[in-house]
Amino acid sequence: MTATKEPGDEPTNRQWGGRFAGGPAAIMRRINASIDFDKRLWAEDIRGSLAHCAMLVAQNILSPQDGAAIAAGLEQIRGEIERGEFAFSEAHEDIHMNIEARLAELIGPVAGRLHTARSRNDQVATDLRLWLRAAIDRLDAAMRELQSALVDRAEAEAATVMPGFTHLQIAQPVTLGHHLLAYFEMLRRDRGRLADCRRRLNESPLGAAALAGTSFPIDRDTTAAALGFERPMANSLDAVSDRDFAVEFLAAAALAGAHLSRLAEEIVIWCSDAFAFIALSDAFTTGSSIMPQKRNPDAAELIRAKTGRLNGALLALLTVFKGLPLAYSKDLQEDKIPVFEAADALELCLAAMTGMVRDLRPDRDRLRAAAGRGFATATDLADWLVRAAGLPFRRAHRVTGAIVKRAETLGVSLAELPLAELQAIEPAATAAVYEVLDPARSVDSRTSYGGTAPARVRAAAAAARQSLARERQGAV
Ligand code: ARG
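Everything in this summary refers to the structure shown in the same document. Quick caveat, the model's predicted, so the values are computed rather than measured.

What counts as what
Residues numbered from 1 in each chain as written. Predicted model: local features only at pLDDT ≥ 70, side-chain atom pairs only at ≥ 80, totals over all residues. Heavy atoms only, no water. 1 Å grid on protein atoms, 1.4 Å probe; cavity = no way out; pocket = protein on both sides within 12 Å on 5 of 7 lines; lining within 4 Å. Points joined across faces, edges and corners; volume = space filled by probe spheres on them. Helix = DSSP H or I, 4+ residues; strand = E, 2+ residues; numbered from the N terminus. Nonpolar A, V, L, I, M, F, W, Y, C, P; charged D, E, K, R; others polar. Near = heavy atom within 4 Å. Polar contact = N/O pair within 3.5 Å; in protein donor to acceptor, adjacent residues only side chain to side chain. Areas by Shrake-Rupley, 256 points an atom, 1.4 Å probe, with all protein chains shown as cover. Expected span 1.5 Å × (residues − 1). Buried < 20%, exposed > 50% of the residue type's maximum accessible area, 1.4 Å probe, protein only.

## Observations regarding empty space enclosed by the protein
One pass over the structure, following the stated rule, counts three cavities of 30 Å³ or more. Roughly 50 Å³ of volume is contained in the largest cavity. Lining the largest cavity are L146, L150, Y183, M186, L187, H259, L260 and L263. For the lining of the largest cavity, the secondary structure elements donating two or more residues are α6 (120–156), α7 (176–201) and α10 (244–271). When grouped by side-chain class, the residues that make up the lining of the largest cavity number seven nonpolar, one polar and no charged.

Now the structure itself:
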């Protein structure tokens, strides 16, 4: 790429070219342009401009006639963009100047009055906050959908016994409903983080102008209220130069992505032939072009992989942002790429995960059988020795270890071990011990708050369902 002017270039940019004799080199124009990605801000840009324009009129900074012409022009541009008729052009750098240039074509020089008491610096910060606020609302709704899918499945599987794992080694029996509701809780906190971020970002930078505020008698409260912001940002330098709200969003998105990747990983494992705990239907699997028997959980794998993008987006923005002197620097133009990318990836992952959670079919027999393997009720045995035989827990733990070893040697499960064998190791053992060695009994006994007993899981699912219903009522 050579840095030469292209034929037909305007000598200077109309919006800022007053003191420029020559136009930018082609490569300068290319590196400077953000229209390719920031055109996604068009609706927010128009909304912000309409609010600014109305305020200028109300404050007698702009005549009502000029204000009306500008507003009508902006509405026409909105229609053109909606209908796909708008010609976005790199020559106009970014979304703000693309719209302003078109406004000038439509209504003439009066278009130039819109930018009174405003800068692209406060304009773009306003646009991005508006965009992200709406994106957060969409993501929150998508997370609620996933929660609702998890509750439905958890309720149906409240008594489905499966092995619980630590270190991916069979640990203690749990219920599938309990396992699924663990993700409901993670999502509850993910939504809380997004809500916190939304609360803090919901202040208006508009009117901060380039960096110092303006000498025009603007009314920032009015524009803030018109755009649904809680208040105008208190410091103009901060307003145009901080992107902490975007970093917060990306951190929350990365964390939500990490949660989704864990469930995705479990789906991959559970679908594998070695586990075969669940199956996904044709709707959520793909085949192999060479191995006809294959049924691959690609959506789960891709959700697992998207964590890379989400983490990358967070690191990208933190890096762009670090060490920037106040106030605005062009570096900040790069903030949108990670924000859009993360929001898109997360929205897609949430929808795909919701689909998979609704689609997956657990194999209850296999789950139950697996829960009986790996001496999963060894802790129940130790607890029984404490309760029924009065052993100190540490001693009960040692004794149980010896019993497990004996069962292993004989190649039987704990429930299959003859009483004589048990008593040879621990004379206090009686036939009553067999009751706690059954995985279903084991989960039934875990009735502590937050525990895996089916009764607890049903109550937790009911509470979760209620909280979702309350939200829906509150949302109307
Ligand atoms: N396209 C720019 C951005 O996204 C708009 C602000 C440009 N401001 C400036 N002083 N050049 O950050």
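Back to the write-up after that little detour.
## What about the site of the ligand?
Around the ligand, the neighbouring residues are S34, D38, D94, H96, R120, N121, V124, Y328, Q333 and K336. At 2.3 Å, a side-chain N or O of Y328 approaches an oxygen atom of the ligand. Here the ligand has 340 Å² of accessible area as a free molecule, and 86% of this is covered by the chains. It is α6 that provides the largest number of residues to the shell around the ligand, a total of three residues.

## Remarks on unusual backbone geometry
The phi torsion of most residues other than glycine is negative, and most of the peptide bonds are trans. In this structure, the amide linkage connecting L326 to the following residue, A327, adopts the cis form with an omega of 0°. Position of A327 relative to the elements: it lies in the loop between α11 (298–321) and α12 (336–359). We note that A209 has phi near 55°; this positive angle belongs to a residue other than glycine. With respect to the secondary-structure elements, A209 resides in the loop between β3 (203–204) and α8 (220–226). Look at F375: it is not a glycine, yet its phi comes out positive at around 50°. The topology assignment puts F375 in the loop between α13 (364–372) and α14 (378–389).

## Here's the deal with α10
End to end, α10 covers 40 Å across 28 residues, agreeing with the expected 40 Å (1.5 Å per residue, within 8%). Within α10, 20 of the 28 residues are buried, which leaves it mostly tucked inside the rest of the structure.

## Observations regarding the layout of surface pockets
A volume near 720 Å³ is recorded for the largest pocket. Sorting the residues of the lining of the largest pocket by element identifies β1 (161–166), β2 (169–175), α7, α10 and α19 (454–475) as the ones contributing at least two each. Grouping the amino acids of the lining of the largest pocket by side-chain chemistry returns 16 nonpolar, eight polar and five charged. Counted as a void, the second largest pocket has a volume near 360 Å³. What lines the second largest pocket is a set of 15 residues, among which C271, S272, D273, R295 and N296 lie closest to the centre. Secondary-structure elements contributing two or more residues to the lining of the second largest pocket are α10 and β5 (278–279). In the lining of the second largest pocket, the residues fall into seven nonpolar, four polar and four charged.

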